[in-house]
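Letter by letter, the chains look like this.
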Amino acid sequence: MADVLIVGAGPVGLCLAWLLQTRGVAVAVVEAAAGLERDLRASTFHPPTLDLLAPSGVAAELVVRGLICPHWQIRLHPDGDRAVFDLGILSDVTAHPFRLQCEQWKLSEALLRRVDPASITWGAAVGEVAQDAAGAAVTLGDGTTRRAKFVIGCDGARSAVRKSLGLAFDGQTYPETTLLVTTTVPFEDHLEGLSNVSYCWRPGGNFSLLKVPGRWRVSLYPREDVSIEEQMAPDAIEAALQLIVLRDQAYPVLEQRPYRVHQRIVPQYIVGRVGLAGDAAHLNSPAGGMGLNGGLHDAFELAEHLIAVLNGAPLDHLERYDRRRRPIAADQILVQSDRNRARMREKDPAKRR
């Protein structure tokens, strides 16, 4: 029987598995997907996250594979007036005074090289979670059961672990839909002084431009009087991109998808011998890139508390993880990301300035 069974092999679950295994904890990981997914998800790493990942060499690997962003900006389009925020001001408190633009799957790859591959079971969806005084167990889709001293749900926004615990996921879903598009067009060659992370106001609306190696991620905030299906059509995407930089050629679009934004949090991160981390516990607007970073910080904090209990601390010591991390998500991450979203939806020109 494993000491800790982790549900979910995304970056948060793999980070937790790696942290525990380096300390001699017997870990098992089950993941519903057949293998590592390299789709378009989070792509921003903040200075304190890189500091946490630095001693192991993981941060250095990400820096090599990502783009260092020494500054970010809020910009008026098309005139180009901008407020530029220089992260170099943090050089006395962090070894990484920059944002790093690097797709999250590259972190997962780095972690997979460090996690015992035999500890991961791919293609194993979780149905139910149960627990007793001695441990917890998950029932997999094939009807088999896996048992451990602790079960941790790192299985994302639709977490089966959270649902099995019956925890509320209170909050809201914002009314608007965001369209995410990637293209190889070099916006930096056309928009003077553009940062690799740029949040842009245009007349009557807004968009954002985030660069990752080889492409730009464009977040488009569509009109509310036209259906999403219509605005996802190739000609509509093309028209929206032409409003950013007018070209005499069509934009090469590598990927596109719509998504809704949620702000939600569970009332508790720990229920006996079962816990939650990352998106399974809290969701926030992606404005500011705090979701992935917050989840990784959860993993670092939770690992220390699990190790302490496995080494003899009382079971209720785990509740300290809840007391430390949940207020950060509720009072800082959700609040600040909501403020970021509201700021960029401001349409009054005077308030924008």
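For the structure itself, look to the data block above.
Residues numbered from 1 in each chain as written. Predicted model: local features only at pLDDT ≥ 70, side-chain atom pairs only at ≥ 80, totals over all residues. Heavy atoms only, no water.

What follows concerns the packing of helix H1 (residues 11–21) against helix H8 (residues 290–310). H8 packs onto H1 with a crossing angle of 30° between their chain directions and a minimal axis gap of 9 Å. Considering the angle they form, H1 stands roughly parallel to H8. As for the relative orientation of H1 and H8, their crossing is right-handed in sense. On the side of H1, the interface is formed by Pro-11, Val-12, Cys-15, Leu-16, Trp-18, Leu-19 and Leu-20, while H8 contributes Leu-292, Gly-295, Leu-296, Ala-299, Phe-300, Leu-302, Ala-303, Leu-306 and Ile-307. Partitioning the contact of H1 with H8 into residue classes produces 15 nonpolar, 1 polar and no charged. (Axes fitted to C-alpha atoms, helices over the stretch in contact; angles between N-to-C directions. Helix = DSSP H or I, 4+ residues; strand = E, 2+ residues; numbered from the N terminus. Parallel < 35°, antiparallel > 145°, perpendicular 65-115°, else oblique. Left-handed = near helix turned anticlockwise from the far one by under 90°. Contact = heavy atoms within 4.5 Å. Nonpolar A, V, L, I, M, F, W, Y, C, P; charged D, E, K, R; others polar.)

Now for the sheet that holds strand E7 (residues 99–101). If you trace the 3 strands from one edge of the open sheet to the other, you get E3-E7-E4, paired in antiparallel fashion. Edge positions in the sheet fall to strand E3 (44–45) and strand E4 (67–69), since each of these pairs with one other strand and no more. As paired elements, E3 and E7 share 2 bridges and run antiparallel to each other. Looking at E7, one finds that Phe-45 is bridged to Leu-100. (Pairing = 2+ DSSP bridges.)

Read from one edge to the other, the open sheet built from 8 strands follows the order E6-E5-E13-E14-E15-E12-E16-E19, with strand pairing classed as mixed. Each edge of the sheet is formed by a strand with only one pairing partner; in this case those strands are strand E6 (82–86) and strand E19 (282–283). Bridging between strand E12 (residues 170–183) and strand E16 (residues 253–265) involves 11 bridges; their strand directions are antiparallel. Considered in E16, the bridge of Thr-178 is made with Tyr-259. Of the strands in this sheet, strand E5 (71–76), E12, strand E13 (197–202), strand E14 (205–212), E16 and E19 touch helix H9 (residues 319–344), which is tilted by about 125° from E16.

Working note: α-helix, 3.6 residues per turn, so residues spaced by three or four point in the same direction. Compared with an ideal rise of 1.5 Å per residue, which puts 26 residues at 38 Å, H9 spans 36 Å between its outermost C-alpha atoms and is within 8% of the ideal. The sharpest bend along H9 reaches about 35° and sits at Ala-329. Of the residues making up H9, those classed as buried are Tyr-321, Asp-322, Arg-325, Ala-329, Ile-333, Leu-334, Ser-337, Asn-340, Arg-341 and Met-344. (Expected span 1.5 Å × (residues − 1). Bend = angle between axes of the 7 residues up to and from the residue. Buried < 20%, exposed > 50% of the residue type's maximum accessible area, 1.4 Å probe, protein only.)

Turning to the packing of aromatic side chains, a few remarks are in order. Inspection of the entire model under this criterion finds 6 aromatic pairs. Their ring planes at 85° and their centres at 5.9 Å tell us that Phe-187 and Trp-216 sit as a pair that is edge-to-face. With Phe-187 in the loop between E12 and E13 and Trp-216 in strand E15 (residues 215–220), this pair connects stretches of sequence that are 29 residues apart. Using a relative accessible area of 0% as the deciding quantity, one classes Phe-187 as buried. (Phe/Tyr/Trp six-rings, centres within 6.5 Å; stacked < 30°, edge-to-face > 60°.)

What follows deals with the nonpolar core. Ile-6, Leu-16, Trp-18, Leu-20, Phe-45, Leu-302 and Leu-306 are the most contacted members of the largest nonpolar core, which totals 72 residues. It is H8 that provides the largest number of residues to this core, a total of 10 residues. Filtering out sequence-adjacent residues up to four positions away, Phe-45 remains in contact with Leu-50, Leu-62, Phe-98, Arg-99, Leu-100, Cys-102, Gln-104, Leu-107, Leu-292, Asn-293 and Leu-296. Grouped together as the second largest cluster of nonpolar side chains are 18 residues, Phe-187, Phe-207, Val-218 and Leu-241 included. (Core = buried A, V, L, I, M, F, W, Y, C linked by side-chain atoms within 4.5 Å.)

Below, the discussion takes up the pairing of E15. Counting buried positions along E15 yields 6 of 6 residues, so the element is predominantly enclosed. On E15, burial covers both faces: Arg-215, Arg-217 and Ser-219 on one face and Trp-216, Val-218 and Leu-220 on the other are all buried. Inspection of the sheet shows E12 paired to E15 by 5 bridges, in the antiparallel sense. Within E15, the position partnered with Leu-180 by the bridge is Ser-219.

Right, let's talk about H1 for a bit. Of all 11 residues in H1, 10 are buried; the element is thus mostly enclosed. Inspection of H1 places Pro-11, Val-12, Gly-13, Leu-14, Cys-15, Leu-16, Ala-17, Trp-18, Leu-19 and Leu-20 among the buried residues, and these make up the whole buried set.

Residue position: Arg-325 is located in helix H9. Assessed through its relative accessible area of 8%, Arg-325 is described here as buried.

Where helix H3 (residues 58–65) contacts helix H4 (residues 104–112), the axes come no closer than 10 Å and their chain directions differ by 140°. In terms of orientation, H3 and H4 fall into the oblique class. Relative to H4, H3 is oriented so that their crossing is right-handed. Side by side, H3 and H4 meet where Val-58, Glu-61, Leu-62 and Arg-65 of the first sit next to Trp-105, Lys-106, Leu-107, Glu-109 and Ala-110 of the second. Among the residues forming the contact of H3 with H4, the class breakdown is 5 nonpolar, no polar and 4 charged.

The next subject is the pattern of salt bridges. Scanning the model with the defined rule gives 18 salt bridges in all. The partner of Glu-109 in a salt bridge is Arg-65, with the nearest N and O atoms 2.7 Å apart. Placement of the pair is Glu-109 in helix H4 and Arg-65 in helix H3, with a sequence separation of 44 residues. For Glu-109, a relative accessible area of 15% corresponds to the buried category. (Salt bridge = Lys/Arg side-chain N within 4 Å of Asp/Glu carboxyl O.)

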